[in-house]
Amino acid sequence: MLFRSRGPVRGRGRGRPAEAPRRGRSPPWSPAWICCWALAGCQAAWAGDLPSASSRPLPPCQEKDYHFEYTECDSSGSRWRVAIPNSAVDCSGLPDPVRGKECTFSCASGEYLEMKNQVCSKCGEGTYSLGSGIKFDEWDELPAGFSNIATFMDTVVGPSDSRPDGCNNSSWIPRGNYIESNRDDCTVSLIYAVHLKKSGYVFFEYQYVDNNIFFEFFIQNDQCQEMDTTTDKWVKLTDNGEWGSHSVMLKSGTNILYWRTTGILMGSKAVKPVLVKNITIEGVAYTSECFPCKPGTFSNKPGSFNCQVCPRNTYSEKGAKECIRCKEDSQFSEEGSSECTERPPCTTKDYFQIHTPCDEEGKTQIMYKWIEPKICREDLTDAIRLPPSGEKKDCPPCNPGFYNNGSSSCHPCPPGTFSDGTKDCRPCPAGTEPALGFEYKWWNVLPGNMKTSCFNVGNSKCDGMNGWEVAGDHIQSGAGGSDNDYLILNLHIPGFKPPTSMTGAMGSELGRITFVFETLCSADCVLYFMVVSGWAAFRHSPSSVNLFNRRFINDMVKIYSITATNAVDGVASSCRACALGSEQSGSSCVPCPPGHYIEKETNQCKECPPDTYLSIHQVYGKEACIPCGPGSKSNQDHSVCYSDCFFYHEKENQSLHYDFSNLSSVGSLMNGPSFTSKGTKYFHFFNISLCGHEGKKMALCTNNITDFTVKEIVAGSDDYTNLVGAFVCQSTIIPSESKGFRAALSSQSIILADTFLGVTVETTLQNINIKEDMFPVPPSQIPDVHFFYKSSTTTTSCINGRSTAVKMRCNPTKSGAGVISVPSKCPAGTCDGCTFYFLWESAEACPLCTEHDFHEIEGACKRGFQETLYVWNEPKWCIKGISLPEKKLATCETVDFWLKVGAGVGAFTAVLLVALTCYFWKKNQKLEYKYSKLVMTTNSKECELPAADSCAIMEGEDNEEEVVYSNKQSLLGKLKSLATKVRVEF
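The structure presented is a predicted model; accordingly, all values stated were derived computationally and were not measured.

Undergrad: What is the right way to read the overall build of the protein chain from this model?
TA: The secondary structure content of the protein chain amounts to 5 helices and 65 strands. The buried share of the protein chain, taken over its 986 residues, is 43%. Contacts spanning at least 24 positions in sequence make up 65% of the contacts within the protein chain whose residues lie at least 6 apart. Summing over all exposed atoms, the protein chain offers an accessible surface of approximately 52,100 Å²; the carbon and sulfur share of this is 53%.

In structure tokens, the structure reads:
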């Protein structure tokens, strides 16, 4: 039995590959086809060998009763052409198999393989062929061979009734010219399998504007093994309204193509789906028939490889050789239409007003014009006609930088002059230069460097429609033809050049575009602003404008003024001060060196004071030098303030010095997990660049990569286009197990801080306040140090931008980089979505050690020596700084020696005291004897001296006679008696 090959494209669609079966037939490898072949063989055998029930032979087969197909290729690369009966056909006498073309054979573009004769023939009119390729550009329904698979990786733990709803209703949806992805949390894959006989490629166009959806394209083989296309797996984001393209090489054999999207819904905001169109696959073996042109297109030449689009007010059906014109008086059609539509009666929504250019008298008036293309009829009942033109009025003045020389138009001022638009141009005074730029606030005519157009994302032309119209004091968007139309207003600026005095300034503002606008929309409409290659473009996407009724024709955007500063080839509406050279006043302007401002008194360049940075907006006056925040310093060019990782603080007459240099590398925090409304698990990943690096923003976050580590990002940063750099940034991480990805994904990266404000021990700086109860109380008296940052990007919920505060806390138990945490009350790091708080605990956040952080301990005196040791105070709340002094060794004397000396001195003192006591007692006795003799003599004879009762006693001689008194008076008594006698005598 011969098995058929995976045969050529057949049936409708521009999209049926050579490997796909005909419409309504089972695949050649299915059991149904095997049974069919077996049945055909049995019928043939039955017809030839056995009589039928009616005893009538089967009729011979006609060409319409069968078709030719190829068998599978054998090992030698050859195959056979066999005839296969069509379904529900009974006949006999099928043609015999013949050897077919080699397996790698294919026809050229515009040709098909005619299977009967096995030769390439040109496609007829109304059809086309890609030769060895297939193309899917018609999406009214899902083409044959495509399938949808929707899954949801359930990560919710709990009973089944609490788990999110299934994804049975999620799928890719055909939308005519393109196919649209799902908008929910489900993972939906659009799958197509193709068998290639030779190497080829797949190409498709897409729109992917919302990073709340992960969009990946990958290829598997017939063993469900993913091909080596890792670099092409993640599809890049596109700009709003722009179609991107993606191409991947295919290997010969079976290739299963996957377009997979996964929505990550973390709020109430609706996501924008992914759009895919024009899928082209090259490398199929052959095409056995040509594709008919789809409705709205035609092919008028044999051998075409594509079909042309029918122009406006024409239409065509499927397989058309030419387009048929509509009845111009009563019908119309858009480009690429499959039918004509009756023209409705004209209404007020079918015309708009314009201001005419100024005439020779300086007058203008309002006129009314039909919206192009005009689709309405004025001759029908209830139809309206264009209103008459308005009265002539004086023209508005010229825009600043232009002047009117008496003509009906405005002209730019010559170089070196300026004008406010109402007066003649005048030269700038000495010491000043023209402030070049553009300022448009009067809109009587469209300026010469602006143009307007219409762009349709579905490739439907809208060039003939009005884009933007001038309206006196504003310019307004026109009416588009469909909800895919973008009304574009382009402003051409050759470049930006800063003023002469700011030419050398680092980080100065090159230019600024400011515009005042108003949106008037009854439904959803969007105004986009973008700058591309010298063009500033304003795009207005109107809300579902329909050519058949133009319901929202009054939805518009008004722009009142557009201002561009420092524009090359611009005009001047004023003059600004500039720096003069060293010559006399009146010399030409010179640029100031980086970090210098213009002194008002002398117009000379002068360097900004230390720890100040130069304003990016102006350099005139000392006030242009803005002081840095606390604890920060400016770089050499005074272009930015930053922390050098060193901080100083005085506390209770004690100096605390901090060195955060070891924490200057990026710190990271993975916070979570959190869950979406449908249970998808995700994490918040933060990167923090604390200090150092001369103020460079070292924290990097990225989107749509398979490895989110900082090391990998920095090493291969050239390969990633969605990087954001900041002091603090955040990414949303989807773990691999959450959605069935092979690795974790990073998305929705946002900047939390791109400007350094200062570092201080205070809890408040520039309206950023860290509440006391936000983090646990520190265990020590060492004050926490706070780093404050802000982001200059504003959002609808954060009108003042985002801000960040990092609390650095000394924790000796956390060595190295330490630990980063968020407040327990705000597990996402923020309570309001605008201000983020982090606590960074590390031993590196402790102050440097000083002499107050240790004390000395004296040891015992041993063998005449004594040691003095120095130890840290416990607990130790410092790091690095000074080191402990070396132990000190001093000579000393032992205790036994001093005891001996003390005992000897004590004994000598005791003997001396005893001897002195005896001596004075002996002396006292002699004096007492002499005194008593004197007193006795005085009492016996008052006026005479007493007679000596003994021989005189010489000094130093002892009285050996012993005198005995019957009544011996004490010394005190004797003195009293003597005193009494003296008073009596007187």
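Undergrad: Got a minute to help me understand the packing of aromatic side chains in this structure?
TA: What characterises a pair of aromatic rings is the spacing of the ring centres plus the angle enclosed by the ring planes. Applying the stated rule across the entire model yields 34 aromatic pairs. A centroid spacing of 6.1 Å and a plane angle of 50° characterise the contact between Y440 and W443, whose relative ring orientation is tilted. Y440 gets classed as buried once you look at its relative accessible area, which sits at 3%. An angle of 75° between the planes, with centres 5.2 Å apart, marks the rings of Y919 and F920 as edge-to-face. Assessed through its relative accessible area of 53%, F920 is described here as exposed. Taken together, F136, W139, F146, W172, Y192, F204, Y206, Y208, F215, F217 and W259 form an aromatic cluster joined through their ring pairs. Cation over ring: K277 sits above W243, and NZ or CZ is 4.2 Å from the ring centre.

Undergrad: In this structure, what is going on with the sheet that holds strand β55 (residues 745-753)? I would like to understand it.
TA: Sheet strands pair via backbone hydrogen bonds, and the direction of the pair is either parallel or antiparallel. Taken in spatial order, the 4 strands make up an open sheet running β50-β51-β54-β55, and their pairing is antiparallel. The sheet terminates laterally at β50 (667-675) and β55, the two strands that pair on one side only. The mean inter-strand angle of the sheet, taken between neighbouring strand axes irrespective of direction, is 20°. Across 7 bridges, the pairing between β50 and strand β51 (residues 681-688) is antiparallel. Residue pairing across strands places G667 opposite I688, the latter belonging to β51.

Undergrad: Is there a simple way to explain the pairing of β51 in this structure?
TA: Where a strand is regular, its side chains alternate between the two sheet faces. Counting buried positions over the 8 residues of β51 gives 8, a clear majority of the element. Strand direction decides the pairing type here: β51 and strand β54 (residues 728-734), joined by 6 bridges, are antiparallel. The partner of F683 across the bridge, within β54, is I733.

Undergrad: Where do I start with a positive patch on the surface in this structure?
TA: Taken together, the side chains of K922, K923, K926 and K930 define a basic patch exposed on the protein surface. With respect to the secondary-structure elements, K922 resides in helix α4 (residues 895-940).

Undergrad: Teacher, can you tell me more about unusual backbone geometry here?
TA: Excluding glycine, residues mostly have negative phi values, and the peptide bonds linking residues are mostly trans. The peptide bond linking E874 to P875 adopts the cis configuration, its omega dihedral lying at -5°. Within the secondary structure, P875 is located in the loop between β64 (865-872) and β65 (888-891). A positive phi angle is found at N603, which is not glycine, with a value near 55°. Structurally, the position occupied by N603 is in the loop between β42 (596-598) and β43 (605-607).

Undergrad: Whenever I open this one, empty space enclosed by the protein confuses me. Can you help?
TA: One water molecule sets the probe size; rolling that probe over the atoms shows where empty space is left. Counted by the stated rule, this structure contains 2 cavities of 30 Å³ or more. Lining the largest cavity, in full, are Y642, S643, S689, L690, C691, G692, G695, K696, F727, F756 and Y789. Looking at the lining of the largest cavity residue by residue, the classes come out as 6 nonpolar, 4 polar and 1 charged.

Undergrad: Which parts of the structure should I look at to understand the pattern of salt bridges?
TA: Pairing between side chains of opposite charge can happen when the charged atoms of each approach one another. A full pass over the atoms with the stated rule returns 20 salt bridges. In this structure, R385 and E378 form a salt bridge, with 3.6 Å as the shortest nitrogen-oxygen distance. E378 sits in the partly exposed class, given a relative accessible area of 25%. Between E599 and K606 there is a salt bridge, with its nearest N and O atoms 3.9 Å apart.

Undergrad: So what exactly am I meant to see when it comes to the sheet that holds strand β61 (residues 819-821) here?
TA: The strand order across the open sheet built from 5 strands is β56-β59-β60-β62-β61, with neighbouring strands paired in mixed fashion. Both edges of this open sheet fall to β56 (755-760) and β61, since each of them pairs with a single strand only. Ignoring which end each strand starts from, the neighbouring axes of this sheet average 20° apart. Across 6 bridges, the pairing between strand β59 (residues 785-790) and strand β60 (residues 803-810) is antiparallel. When the bridges of β60 are listed, F788 appears paired with A805.

Undergrad: Even after reading the chapter, I still don't get the state of the cysteines, so can you show me in this structure?
TA: Disulfides are covalent bonds that connect the sulfur atoms of two cysteines. Evaluated as defined, the whole model comprises 20 disulfides. Linked covalently through their sulfurs, C61 and C91 form a disulfide whose S-S length is 1.9 Å. A torsion of 90° about the S-S bond marks the disulfide between C61 and C91 as right-handed. Linking C61 in the loop between α1 (31-49) and β1 (66-70) with C91 in the loop between β2 (80-85) and β3 (98-99), this pair joins segments that are 30 residues apart in sequence. Comparing C61 with C91 shows no difference in burial state: the two are buried. Disulfide pairing places C413 opposite C425 at an S-S distance of 2.0 Å. Handedness here is read from the sign of the S-S torsion; for C413 and C425, about -80°, the answer is left-handed. With C413 in the loop between β29 (411-412) and β30 (417-418) and C425 in the loop between β30 and β31 (426-427), this pair connects stretches of sequence that are 12 residues apart.

Undergrad: What's the story with the environment of H852 in this structure? I'm lost.
TA: Topologically, H852 is positioned in the loop between β62 (835-842) and β63 (854-858). Distance in space between the C-alpha atoms of H852 and S655 is 9.9 Å, their sequence separation being 197 residues. The contact partners of H852, leaving out residues within four places of it in the chain, are Q654 and N873.

Undergrad: What is the right way to look at the nonpolar core in this model?
TA: For soluble globular proteins, nonpolar side chains are generally found buried alongside one another. Counting 37 residues, the largest nonpolar core has F215, W259, V276, I279 and I281 as its most contacted members. Elements with a minimum of two residues in this core: β7 (133-136), β11 (187-196), β12 (200-207), β13 (213-220), β14 (244-250), β15 (253-263) and β16 (275-282). Per-element accounting of this core gives the leading share, 5 residues, to β11. What I281 contacts, discounting residues up to four positions off in sequence, is S132, G133, I134, F136, Y192, V194, L196, Y201, V202, L250 and L257. Counting residues in each nonpolar core, the second largest holds 34 residues, with V785, I820, A843 and I879 among its members.

Undergrad: Explain the side chain of T417 here, please?
TA: With respect to the helices, strands and loops of the structure, T417 is situated in strand β30. What makes T417 buried here is its relative accessible area of 14%. Reaching out from T417, the side chain makes a polar contact with the backbone oxygen of P414 at a distance of 2.5 Å. Residues in contact with T417, not counting those within four places in the same chain, are C425, R426, P427, P434 and A572.

Undergrad: Would you explain the environment of S419 in this entry?
TA: In this structure, S419 sits in the loop between β30 and β31. Considering only alpha carbons, one finds S419 and C575, 156 residues apart in sequence, at a separation of 9.6 Å. Not counting the four nearest positions on each side in its chain, S419 is found in contact with P400, G401, F402, C413, D424, C425, A572 and S573.

Undergrad: Hey, could you run me through the environment of P387 in this one?
TA: Structurally, P387 can be placed in the loop between β26 (366-370) and β27 (393-394). Separated by 18 residues in the primary sequence, P387 and K369 have C-alpha atoms spaced 9.1 Å apart. Each residue touching P387, except ones within four places of it in the same chain, is listed here: Y351 and Y368.

Calculation criteria
- Residues numbered from 1 in each chain as written.
- Predicted model: local features only at pLDDT ≥ 70, side-chain atom pairs only at ≥ 80, totals over all residues.
- Heavy atoms only, no water.
- Helix = DSSP H or I, 4+ residues; strand = E, 2+ residues; numbered from the N terminus.
- Buried < 20%, exposed > 50% of the residue type's maximum accessible area, 1.4 Å probe, protein only.
- Contact = heavy atoms within 4.5 Å.
- Areas by Shrake-Rupley, 256 points an atom, 1.4 Å probe, with all protein chains shown as cover.
- Phe/Tyr/Trp six-rings, centres within 6.5 Å; stacked < 30°, edge-to-face > 60°.
- Lys NZ or Arg CZ within 6 Å of the ring centre and 35° of its normal.
- Pairing = 2+ DSSP bridges.
- Axes fitted to C-alpha atoms, helices over the stretch in contact; angles between N-to-C directions.
- Patch = residues over 30% accessible without salt bridge, like charges linked within 9 Å, V, L, I, M, F, W, Y side chains within 5 Å.
- Salt bridge = Lys/Arg side-chain N within 4 Å of Asp/Glu carboxyl O.
- Lys, Arg positive; Asp, Glu negative; His and termini not counted.
- Charge placed at Lys NZ, Arg CZ, Asp CG, Glu CD.
- 1 Å grid on protein atoms, 1.4 Å probe; cavity = no way out; pocket = protein on both sides within 12 Å on 5 of 7 lines; lining within 4 Å.
- Points joined across faces, edges and corners; volume = space filled by probe spheres on them.
- Nonpolar A, V, L, I, M, F, W, Y, C, P; charged D, E, K, R; others polar.
- Disulfide = S-S within 2.5 Å.
- Core = buried A, V, L, I, M, F, W, Y, C linked by side-chain atoms within 4.5 Å.
- Polar contact = N/O pair within 3.5 Å; in protein donor to acceptor, adjacent residues only side chain to side chain.

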